[in-house]
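Understanding the architecture of this molecule
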Amino acid sequence: MRKKVIAGNWKMNKVLSEANRFVDEVKEKVPNSEQVEAIVCAPFPFLASLVEKTKGSKLKIAAQNMHFENDGAFTGEVSPVMLKDLGVTHVVLGHSERREYFAETDETVNQKTHAAFQHGLTPIVCVGETLEQREANETMGLIETQVQKALQGLSEEQVANTIIAYEPIWAIGTGKTATSEQANEVCTHIRNVVRELTSEATAEQVIIQYGGSVKPANVDELLAQSDIDGALVGGASLEVDSFLQLVEAGAK
Ligand SMILES: O=C[C@H](O)COP(=O)(O)O
């Protein structure tokens, strides 16, 4: 059985003292279960401190983005080498906010996914459609293209170790969750795309998260779906109690 992966994406929120307090509290309470993995995706300035605080605990620390080059003249950017050196374990790539506001493309997401594996970081690759695309019946084709392009050129083992997050853009931060059936339908499609690209065994192994207004009230139903292996959570990951409730739901 696949484990559940609950990742809290803080986006551009909190200051260092709040981040430290959150992690001090949460790290003691993450269930000691092989069934669930808990990750906090924090802004760059907090990463060193949070990694230090979580050493020896079950809570993992992720970055929310990175450049694909190891180093060089890229003012304002952060490299995979830097993240790995800090002890970060995961990195979110291609979040729809990065695609919309920072010109992230399927090609750069693919370059970053390769760079993550080269440096031993686990990528959490985000895909998802807009409301207009859903209403025009383009969801399945678009998701297929995004997944294929993100995974292009990866080895089968790397694909198996990629976390794919399905986040319908119309459900992010809007309070409009996709129904669990809608979410699962797309997650099943993603697993089928992975199966076509690789093999049955890899498709069965790959972790597929749902993201978009996940909260304690709807997480159980979402996680009960056949192809939803966790959640990428924005708003409800900012408070200790709700984040822990989500992680506990993953351990059930
Ligand atoms: O990365 C997380 C997603 O964008 C979901 O955000 P949300 O839970 O606030 O809707």
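The protein carries the name Triosephosphate isomerase in an unreviewed UniProt entry, which gives Oceanobacillus caeni as its organism. In UniProt, the protein has this text filed under Sequence similarities (unreviewed entry): "Belongs to the triosephosphate isomerase family."

A word on the site of the ligand. Taken together, 13 residues lie near the ligand, and Lys11, His95, Gly173, Ser213 and Gly235 sit nearest. One of the side-chain nitrogen or oxygen atoms of Asn9 is found 2.9 Å away from an oxygen atom of the ligand. Measuring from an oxygen atom of the ligand, one finds a backbone N or O atom of Ser213 at 2.7 Å. When grouped by side-chain class, the residues that make up the shell around the ligand number four nonpolar, seven polar and two charged.

It is worth spelling out the side chain of Ser180 at this point. Its location among the elements puts Ser180 in helix α9 (residues 180–197). For Ser180, a relative accessible area of 3% puts it in the buried group. Among the polar contacts made by the side chain of Ser180, one reaches the side chain of Glu221 at a distance of 2.7 Å. Other than its neighbours up to four places away in sequence, Ser180 contacts Glu221, Leu222, Gln225 and Ile228.

Although it is not a glycine, Ala103 adopts a positive phi angle of roughly 60°. For Ala103, the location among the structural elements is in the loop between α4 (96–101) and α5 (106–118). Residue classification places Ala103 among the exposed positions, given a relative accessible area of 60%. Positioned with a positive phi, Asn137 is a non-glycine residue whose angle comes to about 65°. By the secondary structure assignment, Asn137 is in the loop between α6 (131–135) and α7 (139–151). Residue Asn137 is classed as exposed on the basis of its relative accessible area of 73%.

Here the focus is the pattern of salt bridges. Overall, the coordinates contain 18 salt bridges when judged by the stated rule. Two residues, Lys3 and Glu37, come together in a salt bridge whose shortest N-O distance is 3.0 Å. Here Glu37 lies in strand β2 (residues 36–41) and Lys3 lies in the segment before β1 (4–9), a separation of 34 residues in the sequence. When its relative accessible area of 16% is taken as the criterion, Glu37 is described as buried. Arg195 is the salt-bridge partner of Glu204, the closest N and O atoms lying 3.3 Å from each other.

Under the criterion given, the structure shown has four aromatic pairs. Between Phe22 and Phe243, the aromatic rings sit 5.7 Å apart at their centres with planes inclined by 45°, giving tilted as the arrangement. One end of the pair, Phe22, is in helix α1 (residues 16–29); the other, Phe243, is in helix α12 (residues 240–251), with 221 residues separating them in the sequence. With 6.5 Å between their ring centres and 85° between their planes, Tyr101 and Phe102 make a pair best called edge-to-face. By the burial criterion, Tyr101 is exposed, and Phe102 matches it.

Cut-offs used in this document
- Residues numbered from 1 in each chain as written.
- Predicted model: local features only at pLDDT ≥ 70, side-chain atom pairs only at ≥ 80, totals over all residues.
- Heavy atoms only, no water.
- UniProt positions renumbered as here; feature names shortened; annotations may be inferred.
- Near = heavy atom within 4 Å.
- Polar contact = N/O pair within 3.5 Å; in protein donor to acceptor, adjacent residues only side chain to side chain.
- Nonpolar A, V, L, I, M, F, W, Y, C, P; charged D, E, K, R; others polar.
- Helix = DSSP H or I, 4+ residues; strand = E, 2+ residues; numbered from the N terminus.
- Buried < 20%, exposed > 50% of the residue type's maximum accessible area, 1.4 Å probe, protein only.
- Contact = heavy atoms within 4.5 Å.
- Salt bridge = Lys/Arg side-chain N within 4 Å of Asp/Glu carboxyl O.
- Phe/Tyr/Trp six-rings, centres within 6.5 Å; stacked < 30°, edge-to-face > 60°.

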